[in-house]
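Survey of secondary and tertiary structure
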There are 2 protein chains.
Amino acid sequence: MTKMSDVAKLAKVSTATVSRVLQKPDTVKEETKKKVLEAIKKLDYQPNILARNFRRLETKTILVVMPNILNNVFSEIVVGIDYEATKNGYQVILGNTMLEEQRAHGFMNHLKQKQVDGMILLTARVDIDDLVKVANEYPLVLVSDYLEESDLVTTVAINNMKDSYTITEHLINLGHKKIAHISGPLDMSICRDRLSGYQDALMDHDIHIQYDYLTKGDYSFQSGYDNTLNLLALQNPPTAIFAASDIMAMGAIKAVKSKGLQVPHDIAVVGFDDVEFSKIFEPALTTMAQPFFDMGKTAMQLLKQKIVGEQVQNQFIELKSELKTRESCGFNLK
Amino acid sequence: MTKMSDVAKLAKVSTATVSRVLQKPDTVKEETKKKVLEAIKKLDYQPNILARNFRRLETKTILVVMPNILNNVFSEIVVGIDYEATKNGYQVILGNTMLEEQRAHGFMNHLKQKQVDGMILLTARVDIDDLVKVANEYPLVLVSDYLEESDLVTTVAINNMKDSYTITEHLINLGHKKIAHISGPLDMSICRDRLSGYQDALMDHDIHIQYDYLTKGDYSFQSGYDNTLNLLALQNPPTAIFAASDIMAMGAIKAVKSKGLQVPHDIAVVGFDDVEFSKIFEPALTTMAQPFFDMGKTAMQLLKQKIVGEQVQNQFIELKSELKTRESCGFNLK
DNA sequence: CTGTTAGCGCCTTCAA
DNA sequence: TTGAAGGCGCTAACAG
């Protein structure tokens, strides 16, 4: 491996000058610079980044931790992060925890050890004390998911409670009164909030909350399917189902069809997220479109501020979702 | 930041001993080790990985480069890589090129600069000379995609030509003679091979290849849709369509339906890949299931051999796909 | 079994 | 505008 001293020798200058040519070319005389650049070219010199990182305690790399690479919800956020990062000269690397909390902490160590300049977490399913501690000492931003006490860590997210309220109200406005909910894992704030929004909407419209209409899914297609079969088997089955994710909504629809019923004719189904497939699916899903790209982009902007040391307050940035009315919810019942 | 010398001082030993406790604990007397570990704990010492990497020229990290994080084909391979890597004490980081060739080279620099111990590429859409050169000097494995001259870089893939032949023959055996093909981007070997397999199957069964049945897609849903509309508008439209990816097959089916026709009743459609959604889609896709997990796992195994220096020959590992017969191809026409 | 010591390659004062 | 020199924190001979 050719090193800086080789270049220096060939160009008949000191290593300091070579370093300057690389870092602050303006401070070097034109002629000297030329000599050095020629030597670099001739030797095909590439600086040893490991040495540089070590010396500078900086890597120009940020780490994005996602809980499940197979879930497109996360991938779409990553695209936004990636866009903004690349624009600012940062390289993005991804860590995939496969839902194992422990692995998230492995990645947090990366950050602590300065192997990356900053970190964006797409999940809050980690040891919270550790998270808060790390977030106070190192550049870290949480996206999409958040903590109960949302001001402890800088966060970018949507208002799940409000958005969930909106979509439930949409069903109510369509004339539905018997509305069931398939929640996501309730150890996640966002899923609890979606549940709350649903309940609030019902209450505000004087609709009695029927507890066997509250089912618990786990974000999987299968759980949407299974819970729906249970709902359909009820004495007094619902006329509408609000699933806390599009994938579960698809499972729900599949279950409805398996019973010879039709969506939305017999049962209306709505989802949440608006992933790519929701448009392709038949019937196309009515759902709450999250601004994935913007979430990622905004998170990266905040992270960059933290990295360059603007001592920003912890903040909670709320982005707007948009209701997409498609086929699966049908039209006014009245 | 507490450093090794702080620990050494507190434990009243040399830094070398502290280092040994961390690297080769067996070579240290039990009692000394205990002292050191206590000091480490008391100071909450964490080794500076940047310094260590620099010193060792080793990171225990491997980089996986994928062309498009939104495409689940790649994500599923990553899961296999991840599994095997974690088992062997390697951390996986992902690089996403968003189909920009240039960015792939950025990631190759990571490898050259020893920022990672090895690299798995999920795309061969890069400068080939550079790829071959890097592959000869550093641990690198190509998966799924491959080079025309497949022995230049160690590769794990399926036999696209054979698998494509199989699925085409399946349609022929069902009685179809008018079979169209929607290819992927033909600058990729795997897409050219899928096209060849299709043509070979037709020829072997004495079916004339009709050139307006050969259409060119780009792996997107939309291209499957558009090409199918064109096929249906033909004077003599096909009775079956073989799309080179599931996503395009879904687009094709959507197009067929948009014309008031039914799949498979009026037109049979088959795909290639067997992504998660293919089972959910209606009609469920008949497709060629790639062994994604095994591909990733095998690639990581080979990479590890390269990293630890077993001078393996460049090899081309071929894995078996499996035909999944579901609804979209229908049954025997005869 | 443990300590001494000499760097790894780069960057950055400081002095010229 | 340039060079000399020290050191980032860790590891791995080599001695003892």
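Owing to the predicted nature of the structure, the values given are computational and were not obtained by experimental measurement. Along each chain, the written sequence defines residue order, and numbers are assigned to residues from 1. Working convention: letters from A go to chains and numbers from 1 go to ligands, in the order in which they are written. Thresholds applied to this predicted model are a pLDDT of at least 70 for local features of residues and 80 or more for the giving and counting of side-chain atom pairs; totals over whole chains, interfaces and linings are not thresholded and use all residues. The side-chain quantities take in all heavy atoms of the structure and omit both hydrogens and water.

1. Some thoughts on the sheet that holds strand 6 (residues 179–183) of chain B
All names here are of chain B. What counts here: Whether two strands pair comes down to DSSP finding at least two bridges between them. Helix and strand labels come from DSSP, where a helix needs a run of H or I of at least four residues and a strand needs a run of E of at least two; each type is numbered from the N terminus. To obtain an axis, a line is fitted to C-alpha atoms, over the contacting stretch when the element is a helix, and the angle between two such axes runs from 0 to 180 degrees between their N-to-C directions. Every residue pair with non-hydrogen atoms within 4.5 Å of one another is taken to be in contact.
The parallel open sheet is built from 4 strands, whose spatial order is 7-6-8-9. Of all the strands in the sheet, the pair left with one neighbour each is strand 7 (214–216) and strand 9 (268–270). Looking at each pair of strands side by side, their axes are set apart by 20° on average, direction ignored. Here strand 6 runs beside strand 7; their pairing, made up of 3 bridges, is parallel. Paired with Ser183 across the bridge in strand 7 is Lys216. Lying over the sheet, helix 9 (residues 189–204) contacts strand 6, strand 7 and strand 8 (240–243), oriented at roughly 170° with respect to strand 6. Here helix 11 (residues 246–258) sits on the sheet and contacts strand 6, strand 8 and strand 9; the angle it forms with strand 9, its principal contact strand, is near 160°.

2. Considering the pattern of salt bridges
What counts here: Think of a salt bridge as a Lys or Arg side-chain nitrogen and an Asp or Glu carboxyl oxygen that are within 4 Å of each other. Summary of the burial criterion: residues with accessible area below 20% of their type's maximum are buried, those above 50% are exposed, and those between are partly exposed, where the area comes from a 1.4 Å probe applied to protein chains only.
Applying the stated criterion to the full structure yields 22 salt bridges over all chains. The closest approach of N and O atoms between Lys33 of chain B and Glu30 of chain B, which form a salt bridge, is 3.7 Å. Of this pair, Lys33 of chain B and Glu30 of chain B both sit in helix 3 (residues 30–43), 3 residues apart, which is roughly one turn of the helix. Accessibility expressed as a relative area gives 58% for Glu30 of chain B, which makes it exposed. Residue Glu58 of chain B pairs with Arg56 of chain B through a salt bridge whose shortest N-O separation is 3.5 Å. Classification of Arg56 of chain B by relative accessible area gives partly exposed; the value is 37%. What emerges from the salt-bridge pattern is a single network uniting Lys254 and Lys257 of chain A together with Glu282 of chain B.

3. Some thoughts on the domain arrangement of chain A
Many analyses report the size of an interface as the accessible area lost when the parts associate. Rule in force here: Domain segmentation is taken from an automatic or database assignment of domains.
Along its sequence, chain A is organised into domain 1 (4–53), domain 2 (61–158 + 292–319) and domain 3 (160–290). In this structure, domain 1 of chain A and domain 2 of chain A have C-alpha centres spaced 36 Å apart.

4. Notes on the protein's contact with DNA strand D
Test applied: Nearness of a residue to a molecule or strand requires only that one of the residue's heavy atoms be within 4 Å of it. The term polar contact refers here to a pair of N or O atoms within 3.5 Å; inside protein, the definition further demands a hydrogen-donor-capable atom paired with an acceptor-capable atom, and it admits residues adjacent in sequence only when both atoms are side-chain atoms. Polar here means any residue outside two lists: the nonpolar Ala, Val, Leu, Ile, Met, Phe, Trp, Tyr, Cys and Pro, and the charged Asp, Glu, Lys and Arg; Gly therefore counts as polar.
DNA strand D sits among 25 residues. The nearest are Arg20 and Thr32 of chain A together with Met4, Tyr45 and Arg55 of chain B. Taking all atoms of DNA strand D within 4 Å of the protein, the share assigned to sugar and phosphate is 60%. Within the contact set of DNA strand D, a phosphate oxygen lies 3.2 Å away from a side-chain nitrogen or oxygen of Ser19 of chain B. The set of elements that each furnish at least two residues to the surface near DNA strand D consists of helix 2 (15–23) and helix 4 (49–56) of chain A together with helix 2 (15–23) and helix 4 (49–56) of chain B. It is helix 4 of chain B that contributes the most residues to the surface near DNA strand D, 5 residues altogether. Residues belonging to the surface near DNA strand D are distributed by class as follows: 10 nonpolar, 6 polar and 9 charged.

5. Structural notes on the nonpolar core
Counted only if it meets this: Among the buried residues, those of types Ala, Val, Leu, Ile, Met, Phe, Trp, Tyr and Cys that are joined through side-chain atoms within 4.5 Å form a nonpolar core.
Grouped together as the largest cluster of nonpolar side chains are 135 residues, with contacts concentrated most on Ile120 and Leu122 of chain A together with Ile120 and Leu122 of chain B. Discounting chain neighbours no more than four positions away, the residues touching Ile120 of chain B are Ile62, Leu63, Val64, Val65, Ile81, Val141, Val143, Ala299, Met300 and Leu303 of chain B.

6. What to know about the interface of chain A and chain B
How we decide: Accessible area, probed at 1.4 Å, shrinks when two parts are joined; the buried area is that loss added up over both.
Opposite the 43 residues of chain A that make contact, chain B presents 45 residues. Roughly 4100 Å² of surface becomes buried between chain A and chain B when both sides are summed, with 61% attributable to carbon and sulfur atoms. Among the residues of chain A in contact with chain B, Leu50, Leu94 and Ile280 of chain A are the three that bury the most area, contributing 15% of the side total. For the pair chain A and chain B, the interface holds 6 salt bridges. A salt bridge links Arg103 of chain B to Asp82 of chain A, with the nearest nitrogen and oxygen atoms 2.4 Å apart. Elements supplying a minimum of two residues to the side of chain A that touches chain B: helix 4, helix 5 (72–87), strand 2 (91–96), helix 6 (101–112), helix 11 (246–258) and helix 12 (277–280) of chain A. If one sorts the elements of the side of chain A that touches chain B by residue count, helix 5 of chain A sits on top with 7 residues.

7. A look at helix 10 (residues 221–232) of chain A
Just so we agree on the cut-off: By this rule, a helix spans an expected 1.5 Å times one less than how many residues it contains. The directions from the helix axis to the C-beta atoms are what the arc is built from.
Relative to the 16 Å expected for 12 residues at 1.5 Å per residue, helix 10 of chain A spans 17 Å between its end C-alpha atoms, a close match to the ideal helical length. Within helix 10 of chain A, burial applies to Phe221, Ser223, Gly224, Asn227, Thr228, Leu231 and Leu232 of chain A. For helix 10 of chain A, the angular spread of buried residues about the axis comes to 165°, placing them on one side. Buried residues belonging to helix 10 of chain A abut strand 6 (179–183), strand 7 (214–216), strand 8 (240–243) and helix 11 of chain A together with helix 12 (277–280) of chain B.

8. Overview of unusual backbone geometry
Residues and elements named next belong to chain A. With an omega of 5°, the peptide bond running from Val263 to Pro264 counts as cis. Here Pro264 lies in the loop between helix 11 and strand 9 (268–270). In this model, Ser144 sits at a positive phi of 75°, which is unusual for a non-glycine residue. In the Ramachandran plot, Asp206 falls in the positive-phi region, its phi being about 55° despite a non-glycine side chain. Mapped onto the elements of the fold, Asp206 is located in the loop between helix 9 (189–204) and strand 7. Given a relative accessible area of 71%, Asp206 falls into the exposed group.

9. Here we look at the sheet that holds strand 9 of chain A
Residue and element names in this part refer to chain A. Strand order in this open sheet of 4 strands is 7-6-8-9, and the pairing throughout is parallel. Two strands lie at the open edges of the sheet, namely strand 7 and strand 9, each paired on one side alone. Mean inter-strand twist for the sheet, computed between neighbouring axes without regard to direction, equals 20°. Here strand 8 runs beside strand 9; their pairing, made up of 3 bridges, is parallel. The residue bridging Phe242 from the neighbouring strand is Val270, located in strand 9.

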